[in-house]
Amino acid sequence: MQNKSSIIQRLIDKDRDCLNELYDNYIHHIQRVIAKSDIDPVDHEKIITQLFRAIWSSPEILNKEKHISISITKLCLALTKSYVMSVR
């Protein structure tokens with residue numbers, strides 16, 4: 001993948017290929033993060049969808065950390081936690 005700023009710019013420009021590349025590069029990592037939670041595997045896709053919708057609607061969210069992978073991990077953990085809290 002390209003550097004962080006060019007990825008974010010492509011997402012701001014609504015480049016769907018860039019979003020697909022992010023998905024392809026991080027989906028296995030995201031699935032492992034979610035799998036460590038108490039969430040029913042049937043609901044994993046809901047969190048993944050929320051995650052990529054958040055990135056698509058606000059690509060700047062990826063600027064919060066030095067690396068995109070850290071931003072994605074933290075966003076995934078936050079979404080997972082809020083999902084667990086909403087179902088309880």
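Our subject in this report is the structure included herewith.

Parameters at a glance
Think of each chain on its own: its residues are numbered from 1, step by step along the sequence as written. Selection of residues for local features in this predicted model requires a pLDDT of at least 70, selection of side-chain atom pairs for listing and counting requires 80 or more, and totals for whole chains, interfaces and linings are taken over all residues. Excluding hydrogens and water, the side-chain figures rest on all heavy atoms present in the structure. Axis angles are defined between N-to-C directions and span 0 to 180 degrees, where every axis is a line fitted to C-alpha atoms and, for a helix, only to the segment in contact. By definition, any uninterrupted DSSP run of H or I lasting at least four residues is a helix, any uninterrupted run of E lasting at least two residues is a strand, and each is numbered from the N terminus. Here the word oblique covers every angle except those under 35 degrees (roughly parallel), over 145 (roughly antiparallel) and from 65 to 115 (roughly perpendicular). Two helices that cross are described as forming a left-handed crossing if the nearer one is turned anticlockwise from the farther one by less than a right angle, and a right-handed crossing if clockwise. Two residues qualify as a contact provided that any one of their heavy atoms is within 4.5 Å of a heavy atom in the partner residue. The classification used treats Ala, Val, Leu, Ile, Met, Phe, Trp, Tyr, Cys and Pro as nonpolar, Asp, Glu, Lys and Arg as charged, and all other residues, Gly among them, as polar. Only protein chains enter the calculation, and the probe is 1.4 Å; a residue is then buried if its accessible area is under 20% of its type maximum, exposed if over 50%, and partly exposed in between.

Turning to the packing of helix α1 (residues 4–12) against helix α2 (residues 16–35), a few remarks are in order. Where α1 contacts α2, the two axes come as close as 7 Å, and the packing angle between them is 130 degrees. The pairing of α1 with α2 is recorded here as oblique in orientation. Handedness of the crossing formed by α1 with α2: left-handed. Residue-level inspection shows I7, R10 and L11 of α1 in contact with α2, the latter providing D17, C18, L19, E21 and L22.

Another point: the packing of α2 against helix α3 (residues 44–57). α3 packs onto α2 with a crossing angle of 140 degrees between their chain directions and a minimal axis gap of 10 Å. Of the possible angle classes, the one that applies to α2 and α3 is oblique. Here the hand of the crossing between α2 and α3 comes out right-handed. Across from R16, L19, L22, Y23, I27, I30, Q31, I34 and A35 in α2, the residues of α3 making contact are H44, I47, I48, L51, F52, I55 and W56. Split by residue class, the contact of α2 with α3 holds 13 nonpolar, two polar and one charged.

This part covers the side chain of T80. Here T80 shows up in helix α4 (residues 68–87). Judged by relative accessible area, T80 falls into the buried class, the value being 7%. Look past the residues within four positions of T80 in its chain and what remains in contact with it is I34, S37, I39 and I47.

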